[in-house]
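# Inside the fold
The primary structure of each chain is shown beneath.
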Amino acid sequence: MFSKHELLLEIRDYLMVAVATFMYAFSISLFLLPYELATGGVSGIAALIYYATGMEIEVTYAGINLVLLACGAKILGLRFSLKTIWGFGMVSFWLWFSQYLMEDPVTHQLPCLLGENEMFMACLLCALIEGFALALCFHYNGSTGGTDIIAAIVNKYRDISLGQVIMFFDIVIVSSSYILFHDPKKVIFGYVLLVVSAITLDFATRKFNQALVIYIFSRNYSMIADAINKAGFGITVLDGEGWYTKTERKVLMCVCSKRYNNEIFKVIKKVDPTAFVTVSNASNVYGEGFDIMKTKVKGMKPIIVFATNNENKLREVREILGERFEVRSLKEIGCFDELPETHATLEENSLEKAQYISKFYGFDCFADDTGLEVAALGGAPGVYSARYANLEDDDYSDPEMDITKDHDSEANMRKLLYKLKGRVGEERKAQFRTSIALIYQGKTYNFEGIVKGIITEEKRGGTGFGYDPIFQPDGYDTTFAEMSSEAKNSISHRGRAVEKLVEFLNSNKK
């Protein structure tokens, strides 16, 4: 469900796409059709059919787009499909409306507003308006359909940019106009239209996405930083030194879209009207809140972060995930924070850790929380499995425990074996349970793995970690610590949860 703010933004996007498609359609009806010019995309195909048969361009345009969308809707998703339907639907409507307004009621011909021999000027005007309209449409997350659909489908499965796919189709469409007109001049004008439209689209897109870098020098830097953060903008504090005074100073740096610069200035002025501020243009900004780096690195695997620095867990997961992803640990992304685990369930703790990494580091990531649950102990140690020995207990004390260690596996096992002393059979039944929270492409998913077994009366085996030496899975006469890593991973709680994670990732490739 959308929040009120998100709903308003969505409505704004649809309205601005309607404005952009109005401009796009009128450029076709005013300059393209009357002068029999060729262009690319589905509008170019529809125009050629119009020149050859007289079939209404809006009908052909809508029909081709519907066929393309029907082929790609499942692949591209509901949101893309809805906005695409709105985009090409509005283009079709404006094409009909503009021709209805301008065509001669008797001859049904569209007027050459610039004069009979102004084909080149018509080509330029059409390209400029079309390029600007498309940039406006894309800026508000819209699509006019057509080759955008084909390009998006190809780009989803092949390392080919959208621009390359669209340009290929456009060249083929414009070149084919020679078969209809047998006029090289119109083919050349078609290429000119494509190039000018592409340049205009690129220029307008950069202008729409223009960013500013704002540097703020103020003795009251902390209040300004807090106020800018509260207003919803990111801020970075840099160390500086005033060379005249030879004193250390803090410098604030804020990067924002150009349309928000006045909001930043208002915040600064409210706190410190005497602050020294310098602003410079940033032509390309990539990262959270801005563009995504689309550069392709040959052979580079998608990066996914496993929110742990536990080498044993990391090795297990890398073995199970295989070669499809580059799995990074916390320290490999520069995170040395103690991740929060403030909840009473495995599911909540794993989600809390994943959300922390996603929020502060921006990576696709997953986090796990694992607990050993013993039925006879009411599910203990459960969520406290890693620090079971550290929990205060009036009935148990361990003089051998290293109180400086927060995760002492040996002490944990000693305490558990003590708690189960004298218990046999069913009373020693237990299960390992792993909950994995995945944040992938902005969405959250959950996976669970469970393996049942018993707690042995003594430690057996020298591999594994944690409670492995005293956990014997059902159907086996060995503990996890007596198994090879391959055998353990094939049946373990973490292995089962990660298998579900892998199955999901393999079926939802970027």
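The following refers to the structure shown. These numbers come from a predicted model, not from an experiment.

Another aspect to go through is the pairing of strand 5 (residues 303-306). Going residue by residue along strand 5, you find I303 and V305 tucked away on one face and I304 and F306 tucked away on the opposite face as well. Note: strand 5 against strand 6 (residues 326-328), 3 bridges, orientation parallel. In the strand pairing of strand 6, I304 is matched with V327. Handedness of the strand 5-helix 11 (residues 311-321)-strand 6 crossover: right-handed. Direction of pairing for strand 5 relative to strand 7 (residues 365-374): parallel, over a ladder of 2 bridges.

The computed volume of the second largest pocket comes to approximately 920 Å³. What lines the second largest pocket is a set of 32 residues, and nearest its centre among them are T308, N310, K313, A386 and H407. Of the residues forming the lining of the second largest pocket, the biggest block, 4 residues, is contributed by strand 7. Looking at the lining of the second largest pocket residue by residue, the classes come out as 9 nonpolar, 10 polar and 13 charged.

A separate point is the environment of L136. Turning to its location among the elements, L136 is positioned in helix 5 (residues 119-139). According to the relative accessible area criterion, L136 is buried, its value standing at 8%. C-alpha of L136 to C-alpha of T205: the two residues are 69 residues apart in sequence and 7.6 Å apart in space. Setting aside its immediate chain neighbours within four residues, L136 contacts M16, V19, A20, M23 and F208.

Spatial ordering of the open sheet is given by 2-3-1-4, a layout of 4 strands whose pairing is antiparallel. If you trace the sheet from one side to the other, it starts and ends with strand 2 (236-242) and strand 4 (276-282), each paired once. The sheet shows a mean angle of 25° between the axes of neighbouring strands, direction not considered. In the sheet, strand 1 (residues 211-217) pairs with strand 4 via 7 bridges, with the strands oriented antiparallel. Bridge assignment links L212 to a residue of strand 4, and that residue is N281.

All right, on to the packing of aromatic side chains then. In this structure the tally under the stated criterion is 23 aromatic pairs. When the ring of Y50 is compared with that of Y51, the centres are 5.9 Å apart and the planes differ by 65°; the resulting orientation is edge-to-face. The two residues Y50 and Y51 agree in class, both being buried. Between F306 and F366, the ring centres sit 4.8 Å apart and the planes meet at 15°, which makes this aromatic pair stacked. In this pair, F306 sits in strand 5 while F366 sits in strand 7, placing the two residues 60 residues apart along the sequence. When sorted by exposure, F306 lands in the same class as F366, which is buried. An aromatic cluster of at least three residues, connected via ring pairs, comprises F22, F26, F93, W94, W96, F97 and Y100.

Definitions and limits used
Residues numbered from 1 in each chain as written. Predicted model: local features only at pLDDT ≥ 70, side-chain atom pairs only at ≥ 80, totals over all residues. Heavy atoms only, no water. Buried < 20%, exposed > 50% of the residue type's maximum accessible area, 1.4 Å probe, protein only. Helix = DSSP H or I, 4+ residues; strand = E, 2+ residues; numbered from the N terminus. Pairing = 2+ DSSP bridges. Right-handed = clockwise from strand over helix to strand, strands pointing away. 1 Å grid on protein atoms, 1.4 Å probe; cavity = no way out; pocket = protein on both sides within 12 Å on 5 of 7 lines; lining within 4 Å. Points joined across faces, edges and corners; volume = space filled by probe spheres on them. Nonpolar A, V, L, I, M, F, W, Y, C, P; charged D, E, K, R; others polar. Contact = heavy atoms within 4.5 Å. Axes fitted to C-alpha atoms, helices over the stretch in contact; angles between N-to-C directions. Phe/Tyr/Trp six-rings, centres within 6.5 Å; stacked < 30°, edge-to-face > 60°.

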